[in-house]
Amino acid sequence: MDVKMTIIYALAAALLCRSCNPLFGMFNQLNVPYLLSWILGMILGDWKVGLIVGAAVTTLNMAPVVIGAVSTMNLWDAAVLCVALVLGNNMSIEVAFAVAAPMAVLGNALSNIMMIVLYDGISDQMTLRAVKSGNIKGAILAPSMMKWTIAFVWNFTWYFILVYFGTRAADVIINAMPGWIISGFVAGGKLLPAVGFGLFLAAMGKKKFIPFFIIGAYCKLYIGLSSIQIAVMSVCIAFIFVLLEKSESSAMLERRN
């Protein structure tokens, strides 16, 4: 992508970032790649591919762990780079996925640094000075507008660097790699969603759902069903499973009575 397109893309990515939008602070589940990445895809000319990439990135961490205000991954950063690699550099989704996945961890670390250095060091100090001087308007604006402004500038700069330099560096590295390493990246990209599903099952702590995971993998790999077909079938199976569990619970209550 050229500089102009990269600026537009980085602006959109920053505006859709959770820390730049107060709506996402109230409704955290709105800020997930599969709900927003189609907008990035639309900017680059293919919203469907953007949606597919966002859905793939979301599988990395479907059971996020949040300790206080700190999460383990920032999937949006991975989605921003992955969509740019696929649509801007014509890279395969599997290779782009494997390249962009580490950005989920790196971007999260940078976000934590931003909150500590910029929020605590600038915004909070401005709020304290406004309170001490009796400036009510400043005390209200500093922790709100100032934080959003700082977050926007930080994220726009980060996304511009990530996309403009990251896509070029990825192109150079991928083109210099031998074919067998590229095949490893493709295999790794296909494996990452399975790891995400595995972590999700582990977080749920219910081993009885493991057969459903195996059935879904079998339908995809050996029968050749599409993701949409598997999703429709999964909803039907889940509905039947819930009904059977309810009927079993009702039967147990009747026996006790």
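Residues numbered from 1 in each chain as written. Predicted model: local features only at pLDDT ≥ 70, side-chain atom pairs only at ≥ 80, totals over all residues. Heavy atoms only, no water.

## Considering the confidence of the model for the protein chain
So, point 1. Here the protein chain shows a mean pLDDT of 76. Residues at 70 or above account for 79%.
So, point 2. Taking the mean pLDDT of every element in the protein chain, the minimum, 54, falls on helix H2 (residues 22–26) and the maximum, 87, on helix H1 (residues 3–15). (pLDDT = per-residue confidence, 0-100. Helix = DSSP H or I, 4+ residues; strand = E, 2+ residues; numbered from the N terminus.)

## Side note on the environment of tyrosine 159
So, point 1. When you line up the elements, tyrosine 159 lands in helix H8 (residues 136–176).
So, point 2. Counting along the chain gives 148 residues from tyrosine 159 to leucine 11, while the straight-line C-alpha distance between them is 8.3 Å.
So, point 3. If near-sequence neighbours (up to four positions away) are discounted, tyrosine 159 is found in contact with Ala10, Ala13, Ala14, Cys17, Trp76, Asp77 and Val80.
So, point 4. Within the local environment of tyrosine 159, its side chain forms a polar contact with the side chain of aspartate 77, the two groups lying 2.7 Å apart. (Contact = heavy atoms within 4.5 Å. Polar contact = N/O pair within 3.5 Å; in protein donor to acceptor, adjacent residues only side chain to side chain.)

## Quick notes on the packing of aromatic side chains
So, point 1. Counted according to the given criterion, the structure contains 6 aromatic pairs.
So, point 2. Judged by centre distance (5.4 Å) and plane angle (5°), the ring pair of phenylalanine 160 and tyrosine 164 falls under stacked. Note that phenylalanine 160 and tyrosine 164 are positioned in helix H8 at a spacing of 4 residues, about one turn of the helix. The same class applies to phenylalanine 160 and to tyrosine 164, which are both buried.
So, point 3. With a centroid separation of 5.3 Å and an interplanar angle of 35°, the aromatic rings of tyrosine 218 and tyrosine 222 are classed as tilted. Of this pair, tyrosine 218 and tyrosine 222 both sit in helix H10 (residues 210–223), separated by 4 residues, roughly a single helical turn.
So, point 4. The exposure class of tyrosine 218 is partly exposed, given its relative accessible area of 46%.
So, point 5. Every member of this aromatic cluster is reached through a ring pair, and the members are Phe152, Phe156, Phe160, Tyr164 and Phe165.
So, point 6. Positioned above the aromatic ring of tyrosine 164, the side-chain terminus of arginine 168 is 3.9 Å from the ring centre. (Phe/Tyr/Trp six-rings, centres within 6.5 Å; stacked < 30°, edge-to-face > 60°. Buried < 20%, exposed > 50% of the residue type's maximum accessible area, 1.4 Å probe, protein only. Lys NZ or Arg CZ within 6 Å of the ring centre and 35° of its normal.)

## Some details on the environment of isoleucine 7
So, point 1. Note on placement: isoleucine 7 falls in helix H1.
So, point 2. Residue classification places isoleucine 7 among the partly exposed positions, given a relative accessible area of 33%.
So, point 3. With 152 residues separating them along the chain, isoleucine 7 and tyrosine 159 place their C-alpha atoms 9.0 Å apart.
So, point 4. Beyond its immediate chain neighbours, meaning those up to four positions away, isoleucine 7 contacts Phe156 and Phe160.

## Things to note about the side chain of asparagine 89
So, point 1. Inspection of the secondary structure assignment puts asparagine 89 in the loop between helix H5 (75–88) and helix H6 (93–100).
So, point 2. In this structure asparagine 89 comes out as buried when scored by relative accessible area, which is 15%.
So, point 3. At 3.0 Å, the side chain of asparagine 89 forms a polar contact with the backbone oxygen of threonine 167.
So, point 4. Not counting chain neighbours up to four residues away, the residues in contact with asparagine 89 comprise Ala84, Thr167 and Asp171.

## Thoughts on unusual backbone geometry
So, point 1. In this structure, asparagine 90 takes a positive phi of about 55° despite not being glycine.
So, point 2. Along the chain, asparagine 90 falls in the loop between H5 and H6.
So, point 3. The exposure class of asparagine 90 is exposed, given its relative accessible area of 68%.

## Some thoughts on helix H3 (residues 33–43)
Because each turn of an α-helix spans 3.6 residues, side chains separated by three or four positions end up pointing in the same direction.
So, point 1. Here H3 has its buried residues at Pro33, Leu36, Ser37, Leu40 and Gly41. End-on view of H3: buried residues confined to an arc of 160°, all on one side of the axis.
So, point 2. Just past H3, the residue glycine 45 takes up positive phi, approximately 105°. (Arc of directions from axis to C-beta.)

## Thoughts on H5
So, point 1. The end-to-end C-alpha separation of H5 is 19 Å, in line with the 20 Å expected for 14 residues at 1.5 Å each.
So, point 2. With respect to burial, H5 is a largely interior element, 13 of its 14 residues being buried.
So, point 3. Just past H5, the residue asparagine 90 takes up positive phi, approximately 55°. (Expected span 1.5 Å × (residues − 1).)

## Some words on the side chain of threonine 167
So, point 1. Among the secondary structure elements, threonine 167 is positioned in helix H8.
So, point 2. Given the relative accessible area of 2%, threonine 167 is considered buried.
So, point 3. At a separation of 2.4 Å, a polar atom in the side chain of threonine 167 contacts the main-chain carbonyl oxygen of valine 163.
So, point 4. With residues near it in sequence (within four places) discarded, threonine 167 still touches Leu81, Ala84, Leu85, Asn89 and Leu162.

## Quick word on the environment of arginine 18
So, point 1. Of note, arginine 18 is situated in the loop between H1 and H2.
So, point 2. Along the backbone, arginine 18 and tryptophan 76 are 58 residues apart, and their C-alpha atoms lie at a distance of 8.8 Å.

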